[in-house]
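# Chains, contacts and geometry: an overview
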Amino acid sequence: MDIKEILTITENHVRQKLEGEGSGHDWWHIHRVRNTALKLGKEEQADLFIVELTALLHDIADHKFHGGDEEIGPATARNWLKSLEVEESIINHVFEIIRDVSFKGAEVETPMKTIEGKVVQDADRLDALGAIGIARAFAYGGYKGRELHNPNIPPENHDSFEEYKKSTGPTLNHFYEKLFLLKDRMNTDSGRKLAEERHQFMEEFVNRFLSEWGGNVEL
Ligand code: ADP
Ligand code: NI
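Residues numbered from 1 in each chain as written. Chains lettered and ligands numbered in written order. Predicted model: local features only at pLDDT ≥ 70, side-chain atom pairs only at ≥ 80, totals over all residues. Heavy atoms only, no water.

Across its full length, the protein carries 10 helices and 0 strands. If you list the helices and strands of the protein from N to C, you get α-α-α-α-α-α-α-α-α-α. Taken over C-alpha atoms, the radius of gyration comes to 18 Å for the protein, in line with the 17 Å a tight globule of 219 residues would show. Along the longest, intermediate and shortest principal axes, the C-alpha atoms of the protein span 65 × 35 × 30 Å. Evaluated residue by residue, the protein yields a buried proportion of 48% over its 219 residues. Of the roughly 11,400 Å² of accessible surface on the protein, a fraction of 48% belongs to carbon and sulfur atoms. (Helix = DSSP H or I, 4+ residues; strand = E, 2+ residues; numbered from the N terminus. Rg over C-alpha atoms; globule rule 2.2 N^0.38 Å. Buried < 20%, exposed > 50% of the residue type's maximum accessible area, 1.4 Å probe, protein only. Areas by Shrake-Rupley, 256 points an atom, 1.4 Å probe, with all protein chains shown as cover.)

With respect to spatial proximity, 15 residues lie near ligand 1, and among them Lys64, Ser102, Asp124, His174 and Lys178 are the closest. In this structure, Asp124 approaches ligand 1 through a side-chain N or O atom, which is 2.6 Å from an oxygen atom. Between an oxygen atom of ligand 1 and a side-chain N or O atom of His174, the distance comes to 2.8 Å. Broken down by element, the residue count for the shell around ligand 1 peaks at 3 residues, all from helix α7 (residues 130–143). Counted by class, the shell around ligand 1 contains 5 nonpolar, 4 polar and 6 charged residues. (Near = heavy atom within 4 Å. Polar contact = N/O pair within 3.5 Å; in protein donor to acceptor, adjacent residues only side chain to side chain. Nonpolar A, V, L, I, M, F, W, Y, C, P; charged D, E, K, R; others polar.)

If you look at the biggest cluster of nonpolar residues, it comprises 52 residues, and the most contacted ones within it are Leu53, Leu57, Leu81, Phe175 and Leu179. For this core, the element with the most residues is helix α3 (residues 48–57), which contributes 7 residues. For Leu53, the residues in contact, after removing those within four places along its chain, are Ile6, Leu7, Thr10, Leu81, Ile90 and Val94. (Core = buried A, V, L, I, M, F, W, Y, C linked by side-chain atoms within 4.5 Å. Contact = heavy atoms within 4.5 Å.)

Moving on: the packing of aromatic side chains. Summed over the entire model, instances satisfying the criterion amount to 10 aromatic pairs. Centroid distance Phe138 to Phe175: 5.9 Å. Interplanar angle 40 degrees. Geometry classified as tilted. With Phe138 in helix α7 and Phe175 in helix α9 (residues 171–177), the pair connects residues that are 37 residues apart, well separated along the chain. Residue class for Phe175 comes out buried when judged on its relative accessible area of 0%. Centroid distance Phe138 to Phe205: 6.1 Å. Interplanar angle 65 degrees. Geometry classified as edge-to-face. (Phe/Tyr/Trp six-rings, centres within 6.5 Å; stacked < 30°, edge-to-face > 60°.)

The protein atoms that coordinate the nickel ion (ligand 2) are His29 (NE2), His58 (NE2), Asp59 (OD) and Asp124 (OD), at distances of 2.1 to 2.3 Å. Each of the 4 donor atoms bound to the nickel ion (ligand 2) contributes to angles spanning 84 to 172 degrees, and the resulting shape is irregular. Spacing between the donor residues of the nickel ion (ligand 2) along the chain follows H-x28-H-D-x64-D. The pair formed by His58 and Asp59 is uniform in burial state, with each residue classed as buried. (Donors = N, O, S within 2.8 Å, 3.2 Å for Na, K, Ca; no water. Tetrahedral: all angles 85-135°; square planar, octahedral: opposite > 155°, others 65-115°.)

This part takes up helix α4 (residues 72–83). The first and last C-alpha atoms of α4 sit 16 Å apart over 12 residues, in line with the 16 Å expected at 1.5 Å per residue. All of the buried residues along α4 are Gly73, Pro74, Ala77, Arg78, Trp80 and Leu81. One side of α4 carries all its buried residues, which in axial view fall inside an arc of 165 degrees. Those residues of α4 that are buried lie in contact with α1 (3–18), α3 and α5 (88–100). (Expected span 1.5 Å × (residues − 1). Arc of directions from axis to C-beta.)

Bringing the pattern of salt bridges into the picture now. Counted under the stated rule, the structure contains 14 salt bridges. Between Asp189 and Arg192 there is a salt bridge, and its shortest N-O distance comes to 2.9 Å. One end of the pair, Asp189, and the other, Arg192, are both in helix α10 (residues 189–213), 3 residues apart, so they sit about a helical turn from each other. A cluster of three or more residues bridged by salt bridges with shared partners is formed by Glu11, Arg34 and Glu52. (Salt bridge = Lys/Arg side-chain N within 4 Å of Asp/Glu carboxyl O.)

Once that is clear, we can look at the packing of α5 against helix α6 (residues 115–126). Orientation of α5 relative to α6, taken along the N-to-C sense of each, is 40 degrees, at an axis distance of 10 Å. By the angle class used here, α5 and α6 are oblique. Relative to α6, α5 is oriented so that their crossing is right-handed. Here His93, Ile97 and Asp100 of α5 come into contact with α6, specifically with Glu116, Gly117, Val120 and Gln121. Taken together, the residues of the contact of α5 with α6 sort by class into 2 nonpolar, 3 polar and 2 charged. (Axes fitted to C-alpha atoms, helices over the stretch in contact; angles between N-to-C directions. Parallel < 35°, antiparallel > 145°, perpendicular 65-115°, else oblique. Left-handed = near helix turned anticlockwise from the far one by under 90°.)

The following block contains the structure:
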């Protein structure tokens, strides 16, 4: 199978698996991450086959929907690529990126070893920011039955992935626990620039959200 066929068959597989998903991890998230990753990957002169393949497969099986099992995502991607008889070194590279890509808590470092990994991580994180990021956070919170906001529950700085995964706080806390931290953790210059714009928009959103929260507006 050539590179083009591998990408097409993988795209169709992922699309069919994630189409219509309601928590913000749907096919269109993959579509955006793939496009952003390719854009950043061109600028960074990354291997675009690895970038595209990993972007397509990075949420194929998320620990959040499999009882916290962190191995399931990379393992599912590996099995899929094995079934297509993709070269072992490529499979290993894709596997490592998917294993390391996720945010794991405010105090937990998640360094990426290769430029392809850096690019895919930036693209995935950019989709957690800005208008789309806000929409995805509240979609995920609703899916999990979380409150929008609760002024009596302060945000936490999780210092392990276990603590981060266990957290059941209101969705607004997620902005302080993850989303506002991302702009300073971008790997690439162009990723950082996009993150800064999206960060500003989210700050404006949260300020307005909090000013409307009490309901005592002047009419
Ligand atoms: P990553 O891309 O780092 O793996 P996730 O898969 O954890 O990120 O998150 C994907 C989306 O789900 C993001 O938009 C993120 O903000 C949202 N999300 C994850 N955890 C929460 C949460 N506890 N509350 C609200 N949104 C969340
Ligand atoms: Ni993702």
